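Structural characterization, general
The chain contents come next:
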Amino acid sequence: MSDWRIIFTDTREHALARGAVLFRRDDPVRFMYLVQSGSVALERAMADGTALTLHVATAGDALAEASLFADTYHCDAVARTDARVARLTRADFLTRLKRMPDAALSLIGTHAKQVQSQRARIEILRLRRVSDRLDAWLALHGAPEKGQWVRVADDIGVSQPALYRELARRRRKPGAC
């Protein structure tokens, strides 16, 4: 099976400066995107003026592909860092998917893994205690590499100090991580 990113071979790349907007909520969906470098966030403005981050796409990630079958984008795409994105018109993207069934299957497989990951994260976030959230995360992913505990705190929806308190409590217990 070929990697789905092959769909973007020979496409035009666009440079985005940090803070640049690629598209806005309610803009018509004209393009599909692949982040080549940097990071681009999908954000929805809240009534209080803050932005709710729905997804952050980094190098190798598709961006707003869920909009493939929508008339308009459902959020804003804002560069979190300087970034480069490849783009294809929606029509060309669909044509290439039809012509490259292995790439289409690869894209489906990528999205299936993302759905599984998000479902697991939702269930972890439903747990009330930090210790239960951490246990569930470790059961799914195993111990993170050194320096990655910050990411774990974010993944399980707790503050870094709360996670570090739980880790300290476990270190004091015999046989703990």
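Moving on: the pattern of salt bridges. Within the structure shown, the criterion is met by 10 salt bridges. Of the charged contacts, one joins R84 and E13 as a salt bridge, the two residues approaching to 2.2 Å between their closest N and O atoms. Of the two residues, R84 sits in strand β8 (residues 83-89) while E13 sits in strand β1 (residues 12-16), which places them 71 residues apart along the sequence. Residue E13 is classed as partly exposed on the basis of its relative accessible area of 38%. Of the charged contacts in the structure, one is a salt bridge between D76 and R24, with a shortest N-O distance of 3.2 Å. With D76 in strand β7 (residues 76-79) and R24 in the loop between β2 (21-23) and β3 (31-37), this pair connects stretches of sequence that are 52 residues apart. On the basis of relative accessible area, R24 is assigned to the partly exposed category, the value being 42%. One network of salt bridges, in which partners are shared, links D135, E166, R169 and R170.

If you walk across this open sheet you meet the four strands as β1-β8-β3-β6, and the pairing is antiparallel. Looking at the sheet topology across the chains shown, the edges are occupied by β1 and β6 (62-63). Direction of pairing for β3 relative to β6: antiparallel, over a ladder of two bridges. Each residue of the ladder has a partner; that of Y33, found in β6, is L63. Packing against the sheet, helix α1 (residues 90-99) makes contact with β3 and β8, and its axis sits at approximately 75 degrees to β8.

Let's shift gears to the environment of P144. Along the chain, P144 falls in the loop between α3 (130-141) and α4 (149-156). Judged by its relative accessible area of 14%, P144 is buried. Apart from the residues lying within four places of it in its own chain, the contact partners of P144 are W137, L138, W149 and V152.

As a further point, take the side chain of H14. Structurally, the position occupied by H14 is in strand β1. There is a polar contact of 3.1 Å between the side chain of H14 and the side chain of R87. Leaving out residues up to four positions away in the same chain, H14 has contacts with A83, R84, V85 and R87.

Each value, and the rule that gives it
- Residues numbered from 1 in each chain as written.
- Predicted model: local features only at pLDDT ≥ 70, side-chain atom pairs only at ≥ 80, totals over all residues.
- Heavy atoms only, no water.
- Salt bridge = Lys/Arg side-chain N within 4 Å of Asp/Glu carboxyl O.
- Helix = DSSP H or I, 4+ residues; strand = E, 2+ residues; numbered from the N terminus.
- Buried < 20%, exposed > 50% of the residue type's maximum accessible area, 1.4 Å probe, protein only.
- Pairing = 2+ DSSP bridges.
- Contact = heavy atoms within 4.5 Å.
- Axes fitted to C-alpha atoms, helices over the stretch in contact; angles between N-to-C directions.
- Polar contact = N/O pair within 3.5 Å; in protein donor to acceptor, adjacent residues only side chain to side chain.

That's the geometry; what it means functionally is another story.
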